[in-house]
Amino acid sequence: MRAGFIGAGKVGFTLGKYLAMHGIEISGYYSRTPASAKEAAEFTQSRYYTSIEEITKDSDTLFLTVPDGAIGEIWDDMRNLPIKNKNICHCSGSIPSTVFFDAENRGAYRYSIHPLYAISSKATSYLDLGKACFTIEGSDAHLAELKALFSEMGNTVVAISPDSKALYHAAAVMVSNQIVALADMGTVLLVKCGFSEAAAAEALSPLLLGNAQSVAEKGAVNALTGPIERGDAQTVSKHLQEIRKFAAESTVGQDILTAYTALSKQLIRIAQQKHPQKDYKHLEKELEQ
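Residues numbered from 1 in each chain as written. Predicted model: local features only at pLDDT ≥ 70, side-chain atom pairs only at ≥ 80, totals over all residues. Heavy atoms only, no water.

1. Re the nonpolar core
Grouped together as the largest cluster of nonpolar side chains are 29 residues, with contacts concentrated most on Phe5, Leu15, Leu19, Phe63, Ile113 and Phe150. Sorting the residues of this core by element identifies strand S1 (2-6), helix H1 (10-21), strand S2 (25-30), helix H2 (34-43), strand S6 (109-116), strand S7 (133-138) and helix H5 (143-152) as the ones contributing at least two each. Filtering out sequence-adjacent residues up to four positions away, Phe150 remains in contact with Leu15, Leu19, Ile113, Phe134, Asn155 and Val157. (Core = buried A, V, L, I, M, F, W, Y, C linked by side-chain atoms within 4.5 Å. Buried < 20%, exposed > 50% of the residue type's maximum accessible area, 1.4 Å probe, protein only. Helix = DSSP H or I, 4+ residues; strand = E, 2+ residues; numbered from the N terminus. Contact = heavy atoms within 4.5 Å.)

Written out as structure tokens, the structure reads:
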């Protein structure tokens, strides 16, 4: 493989460096911001390109590591270039490979290759990318070959359907971005108890990290603890009473009540898997009031 990158942000830096570390030849980078492409090329010891035509000519596999909204635009620029026998890939979690709508009619192959990982730093995230699961979907022709490429680097690789991309991305958002919302809701409640925001964040961090580690190591069912698992309806009732008072005062309180109720119902389902002999109907009733 000789891989070229169109887009030189965090994903482009990280994936390019990661591939280079594993012996994949990187042709270089093109970006609408030339300084970024030059920096990425230096980072991966590759070449800086001044046009899409040039980098397309020099690469057999092209990764579009650009914002989701730009993928279709760039494809419009690329599709009339000599792309026969080239792999055209993007790294969006939410957009299917079908965005390259006539790639195969033009003799090219289309793929979506997405690392299920929060890439936060263009300088260092490549160091941990080996832990990420990659999902891939697209043309049959080189699908097994690309899947094997990442598997041989030590990554878990799962082939999915283009029709599954939105649901797949929703799962990633719930476990990633929406955890941030839950942490913020917990902080709001502690501030109402008299904590400063900084003290609340510090106090909740060990809980957040400890539970994330436990779920990662044991799975959701075995990691479950707390009043729902114990069937402690009295405690859940007190929670609801206080959150309902807060909900009467503010919109954020209403949202917290909705989240607490919905997540508690899901926790009951998990608890029933962990303790099939237990009856959780009294808790279900409490949550329906």
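2. Points about the state of the cysteines
Tallied over the full model, the rule gives zero disulfides. In this structure Cys133 is not part of a disulfide, and its nearest cysteine sulfur, from Cys91, lies 14 Å away. (Disulfide = S-S within 2.5 Å.)

3. A look at the pairing of S7
Successive residues of a regular strand alternate their side chains across the two faces of the sheet. For S7, the tally of buried residues reaches five of six residues, placing the bulk of the element in the interior. Here six bridges tie S6 to S7, and the two strands are oriented antiparallel to one another. By the bridge assignment, Ser112 is partnered in S7 with Glu137. Examined bridge by bridge, S7 and strand S8 (residues 156-159) share four bridges and lie parallel to one another. Across the sheet, Thr135 pairs through a bridge with Val158, a residue of S8. Tracing the backbone out of S7, into H5 and back to the parallel element S8 gives a crossover that is right-handed. (Pairing = 2+ DSSP bridges. Right-handed = clockwise from strand over helix to strand, strands pointing away.)

4. Re a nonpolar patch on the surface
Together, Ile179, Leu182, Leu208, Leu209 and Leu263 make up a nonpolar patch on the protein surface, roughly 420 Å² of accessible area in all. Secondary structure elements with two or more residues in the nonpolar patch: helix H7 (177-192) and helix H8 (197-218). Secondary-structure assignment places Leu208 in helix H8. Note on Leu208: relative accessible area 40%, which makes it partly exposed. (Patch = residues over 30% accessible without salt bridge, like charges linked within 9 Å, V, L, I, M, F, W, Y side chains within 5 Å. Areas by Shrake-Rupley, 256 points an atom, 1.4 Å probe, with all protein chains shown as cover. Salt bridge = Lys/Arg side-chain N within 4 Å of Asp/Glu carboxyl O.)

5. A look at the packing of helix H6 (residues 165-175) against H7
What describes two packed helices is the angle between their axes and the distance between those same axes. Relative orientation of the contacting elements H6 and H7 amounts to 30°, with a least axis distance of 3 Å. Viewed along their axes, H6 and H7 adopt a mutual orientation that is roughly parallel. In contact with Ala172, Val173, Met174 and Val175 of H6, H7 contributes Asn177, Gln178 and Ile179. Each residue belonging to the contact of H6 with H7 can be placed in one class, and the counts come to five nonpolar, two polar and no charged. (Axes fitted to C-alpha atoms, helices over the stretch in contact; angles between N-to-C directions. Parallel < 35°, antiparallel > 145°, perpendicular 65-115°, else oblique. Nonpolar A, V, L, I, M, F, W, Y, C, P; charged D, E, K, R; others polar.)

6. Details of the pattern of salt bridges
Close approach of charged atoms lets side chains of opposite charge pair. Applying the stated criterion across every chain, the model contains 12 salt bridges. Measuring nitrogen to oxygen at the nearest pair gives 3.7 Å for the salt bridge that ties Glu73 to Arg32. Taken together, the residues span a long stretch of sequence, with Glu73 in helix H4 (residues 68-78) and Arg32 in the loop between S2 and H2 at a distance of 41 residues. Here Lys245 ties to Glu242 by a salt bridge, and the two come within 3.2 Å at their closest N and O atoms. Highlighted residues: Lys245 and Glu242, both in helix H11 (residues 233-249), separated by three residues, approximately one helical turn.

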